[in-house]
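# Residue-level structural notes
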Amino acid sequence: MSEEFDIKSEIKSSYPKSFKISRGLIHKITQFFMQSGAKLNEILEYNYGDKLVLILSQEIDLHQSNEIIALILSPNEVPQKKEFIDFILNNIENFYQNNKQERYAKFEVFARQFFSESEAKKLLFIGFPSAGKTSIKKSIFDKEDPKELLGDSSPEPTRGLVHFIYSWFNASIGIVDSSGQEFDSYVSDGNEEQLRAFEGSDIIIYVFDVINWKEQSEKVIDNLKKIISTKEVISPPNSKIYAFCHKIDLLSDPDKDSILKVKQILEKDLNIKATFSSIQPELIHTLFRSMELILKDTRKK
Ligand SMILES: Nc1nc2c(ncn2[C@@H]2O[C@H](COP(=O)(O)OP(=O)(O)OP(=O)(O)O)[C@@H](O)[C@H]2O)c(=O)[nH]1
Ligand SMILES: [Mg+2]
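Residues numbered from 1 in each chain as written. Chains lettered and ligands numbered in written order. Predicted model: local features only at pLDDT ≥ 70, side-chain atom pairs only at ≥ 80, totals over all residues. Heavy atoms only, no water.

## Comments concerning the site of ligand 1
With respect to spatial proximity, 22 residues lie near ligand 1, and among them Ser135, Leu149, Thr158, Gly180 and Asp249 are the closest. Note that an oxygen atom of ligand 1 is positioned 2.8 Å from one of the side-chain N or O atoms of Thr134. Within the contact set of ligand 1, an oxygen atom lies 2.6 Å away from a backbone nitrogen or oxygen of Leu149. Protein coverage of the free-state accessible area of ligand 1, which is 660 Å², stands at 89%. (Near = heavy atom within 4 Å. Polar contact = N/O pair within 3.5 Å; in protein donor to acceptor, adjacent residues only side chain to side chain. Areas by Shrake-Rupley, 256 points an atom, 1.4 Å probe, with all protein chains shown as cover.)

Structural data, given as C-alpha cells:
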C-alpha cells in the first residue's frame, strides 16, 4: 500500500484506492519522520502493529515543504523488505522528474509497480501425513502462535482438500491444504481429487519431516517424483514445486549429515528447490525464509 502526503499530513494520492489509511497513522508517520532527521534518499522504517512502513521523503520546494512517500508492507511482505527498498531507490529519481501535478496524476502508475503480481495464485500444500502442512499454513497465513500449534492447539489431521483465500501482494491467493492420509489419491492418474488439487496450482509445496527422511527416504523421493509427473500433466506450465524438509527442531546430532543430503539429492537429481523449516519459535525464521524464497521466485515471473 502506498500513500503520499505533504508535511501537513495531507494525502495527495494513494494506491490502492480501496485501502483507507487512518488519520492516526498519517499523524504517526509524519511525527516519526520529523523526529528522525532523515537525510535525502534515506529510507526510514517504522513499525506499525504487524505492518512495516517504509518512508522516503523529498524536499520539494524552497519553502521547506516535504513530500513523503510511505509504502506499507503487510507481514507477509516484510521478508521482502530489501527488495522493496531497492525498488524505491531505483525508481524514485525517475518519478521526481515529473512536476507536482504530474506526480499526483501519475502516482497510481508509480505505485502499481510495487504490485507486480496482479493475478491470483494458487498454492498447494501436499505431502506426508502429520508432516506439518496445516501448521505451516496456519503460522504463515493465519499468523497463529507456533507455540500453540505445537502444543494444545495442534491441528487435527486434515481430511480431503481444504480451500482458503488470502490476500497476497494486493492479489488473492488460494491456498489448498491437503490431507497426508489421502496423498495417493492426489497423484493417481484420472482421479478427480488429482485434478482438484493440481489444476491451476502455481506453487506446489511438498512437505515431509526429518523423521520421514530418516525412516523412509525412498518414499520421500518417490512421492516427489509422483508430484513432479502429476504437475507436468495438470498444473500450469510455469508452476513450480518446492520441497520443505520440516521439523528440523527434531534433528539429533548424528542425523545432521544424512539430512543435509536431502537438499543435494532433491536439487541435483530432481531439480527441486529444497529448504529446511520448523515452526518451533527459535527456528521459525527458517520457515519465513523458505516462504521468502518462494515469494521472490513468484514475483520474478
Ligand atoms: N516438532 C515439531 N512439530 C511440528 C512442527 N510443525 C508441526 N508440528 C506438529 O506436527 C503435527 C502434525 O502437524 P499438522 O500441521 O497437522 O500436519 P499435516 O501435514 O497438516 O498433517 P495431515 O493434515 O494429517 O496431512 C502436529 O502435532 C504439530 O504440532 C515443527 O516444526 N516441529
Ligand atoms: Mg493437515
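After presenting the structure, the write-up continues.
## Examining the layout of surface pockets
Its volume calculated, the largest pocket comes out at about 460 Å³. If you go around the largest pocket, you meet 26 residues; those closest to its centre are Ser130, Ala131, Gly132, Ser135 and Lys247. Every element with two or more residues in the lining of the largest pocket is listed here: α4 (133-141) and α5 (146-150). The dominant element in the lining of the largest pocket, judged by the number of residues it contributes, is α4, at three residues. Residue classes in the lining of the largest pocket are distributed as nine nonpolar, 13 polar and four charged. (1 Å grid on protein atoms, 1.4 Å probe; cavity = no way out; pocket = protein on both sides within 12 Å on 5 of 7 lines; lining within 4 Å. Points joined across faces, edges and corners; volume = space filled by probe spheres on them. Helix = DSSP H or I, 4+ residues; strand = E, 2+ residues; numbered from the N terminus. Nonpolar A, V, L, I, M, F, W, Y, C, P; charged D, E, K, R; others polar.)

## Considerations on the coordination of the magnesium ion (ligand 2)
Within the first shell, the magnesium ion (ligand 2) binds the protein through Thr134 (OG1) and Thr158 (OG1), at distances of 2.0 Å. With a gap of 24 residues between them, Thr134 in helix α4 and Thr158 in the loop between α5 and β7 (161-168) connect regions that are remote in the sequence. Under the relative-accessibility criterion, Thr158 is labelled buried at 13%. (Donors = N, O, S within 2.8 Å, 3.2 Å for Na, K, Ca; no water. Buried < 20%, exposed > 50% of the residue type's maximum accessible area, 1.4 Å probe, protein only.)

## Considering the pairing of strand β11 (residues 273-276)
As judged from the four bridges shared by strand β10 (residues 240-246) and β11, these two strands associate in the parallel manner. Residue Tyr242 lies in a different strand from β11, and its bridge partner there is Lys273. In the classification by handedness, the crossover that spans β10, the intervening helix α9 (residues 256-270) and the parallel β11 is right-handed. (Pairing = 2+ DSSP bridges. Right-handed = clockwise from strand over helix to strand, strands pointing away.)

## Regarding the environment of Gln194
Relative to the assigned elements, Gln194 resides in helix α7 (residues 192-198). Along the chain, Gln194 and Thr230 lie 36 residues apart, while their C-alpha atoms are 8.1 Å from each other. Every residue in contact with Gln194, bar those within four places of it in the chain, is listed here: Ser185, Tyr186, Val187, Ser188, Asp189, Glu199, Thr230 and Ile234. In this structure the side chain of Gln194 is engaged in a polar contact, spanning 3.4 Å, whose partner is the side chain of Asp189. (Contact = heavy atoms within 4.5 Å.)

## As for the domain arrangement of the chain
The domain architecture assigned to the chain consists of domain 1 (2-112) and domain 2 (121-300). With centres defined by C-alpha atoms, the gap from domain 1 to domain 2 works out at 36 Å. (Domains from an automatic or database assignment.)

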